[in-house]
Amino acid sequence: MTDARYLDDAATDEFEATVETVRGSDRVVLDRTYFYPTGGGQPHDTGTLSTGGERWDVTDVRKRDRIEHVVAGDAPEPGTTVTGRVDAARRRAHSRYHTAQHLLSVVLLDEFDAETTGNQLYADRARLDCAYDRFDDDDLRTIETRLNDLVASDLPVRWYSLDREEAEATLDPERTRLHLLPDSIREVRIVEIGDAEDPFDRTACAGTHVASTGDIGAVSVTGRTTQGSAHERVNFALE
């Protein structure tokens, strides 16, 4: 099992690891990694693996039974010690957008009783789908103002692991959305934003995040679209 170190540390972008196996000719499995695999609406990291005078571009990262790093060209041999370098700018952008999405989910639930049903983020924009009839221009302005107030508050962001049974017994199921996780997941990663005793948000999430909401930067709500009956999509971008 690959040690998924991005779960505990979203800031490290250079590390050493050993190639455990190669699948096909281009999918490298490491004993440890800081590369984030596509999942939860967050795209995969990119970067490089290198050793001596050789370098391989990491073009995709996938999580199946193991985390696979797809490289350009013939992969390094099993047993090779490699240096992994994550594209720090891409990771930073994804972490900012993912944290902003958490804030948006809570604002929509608190202000409009609109539950998040899906999301997708990129390095330069993001969208969130929710259960709601239709937002008007005043609603969008309210959402944007609330988001930027939360950014200005510079709330701390932290994460930790918790036994699923304990999480289900002690945490608010509406906000943590534990029901969306497969039953096979018995330990959950909880992300909290705000005061430790009474956090603004507490959600089950395996994505990467910034250390505080102030790191998100200014938020612009760029529009909305209807996504079928009683579903809306909110688009936003960060400066």
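Quantities reported herein were computed from a predicted structural model and do not represent experimental measurements.

1. What to know about the overall build of the chain
(1) Moving on: From N to C terminus, the chain includes four helices and 15 strands.
(2) Moving on: The globule rule puts the C-alpha radius of gyration for 239 residues at 18 Å, and the 19 Å found for the chain is close to it.
(3) Moving on: If one aligns the C-alpha atoms of the chain with their principal axes, the spans along those axes are about 55 × 40 × 35 Å.
(4) Moving on: A sequence separation of at least 24 residues applies to 65% of the contacts in the chain between residues at least 6 apart.
(5) Moving on: Element-wise, carbon and sulfur atoms account for 43% of the exposed surface of the chain, whose accessible area totals about 11300 Å².

2. Thoughts on the UniProt feature "domain: Alanyl-transfer RNA synthetases family profile" (unreviewed entry) in the chain
(1) Moving on: With numbering aligned to this structure, UniProt lists the feature "domain: Alanyl-transfer RNA synthetases family profile" (unreviewed entry) at residues 1-239.
(2) Moving on: The annotated region residues 1-239 carries 22% helix and 38% strand content, and the separation between its end C-alpha atoms amounts to 38 Å.

3. Section: the side chain of T2
(1) Moving on: By the element assignment, T2 lies in the segment before β1 (3-4).
(2) Moving on: For T2, a relative accessible area of 7% puts it in the buried group.
(3) Moving on: Polar contacts involving the side chain of T2 include one to the main-chain carbonyl oxygen of L30, which spans 2.8 Å.
(4) Moving on: When neighbours within four sequence positions are excluded, T2 is seen to be in contact with V29, L30, D31, R32, T33, R66 and I67.

4. Quick notes on the nonpolar core
(1) Moving on: Of all hydrophobic cores here, the largest spans 31 residues; its most connected members are L104, L108, F135, I143, L147, I216 and F236.
(2) Moving on: Counting only elements with at least two residues in this core, the list comes to α1 (88-112), β10 (126-131), α2 (137-152), β12 (187-193), β14 (219-226) and β15 (231-238).
(3) Moving on: The greatest single-element share of this core, amounting to seven residues, is contributed by α1.
(4) Moving on: Setting aside chain neighbours within four positions, we find L108 in contact with D113, A114, L128, C130, F135 and I143.

What counts and how
Residues numbered from 1 in each chain as written. Predicted model: local features only at pLDDT ≥ 70, side-chain atom pairs only at ≥ 80, totals over all residues. Heavy atoms only, no water. Helix = DSSP H or I, 4+ residues; strand = E, 2+ residues; numbered from the N terminus. Rg over C-alpha atoms; globule rule 2.2 N^0.38 Å. Contact = heavy atoms within 4.5 Å. Areas by Shrake-Rupley, 256 points an atom, 1.4 Å probe, with all protein chains shown as cover. UniProt positions renumbered as here; feature names shortened; annotations may be inferred. Buried < 20%, exposed > 50% of the residue type's maximum accessible area, 1.4 Å probe, protein only. Polar contact = N/O pair within 3.5 Å; in protein donor to acceptor, adjacent residues only side chain to side chain. Core = buried A, V, L, I, M, F, W, Y, C linked by side-chain atoms within 4.5 Å.

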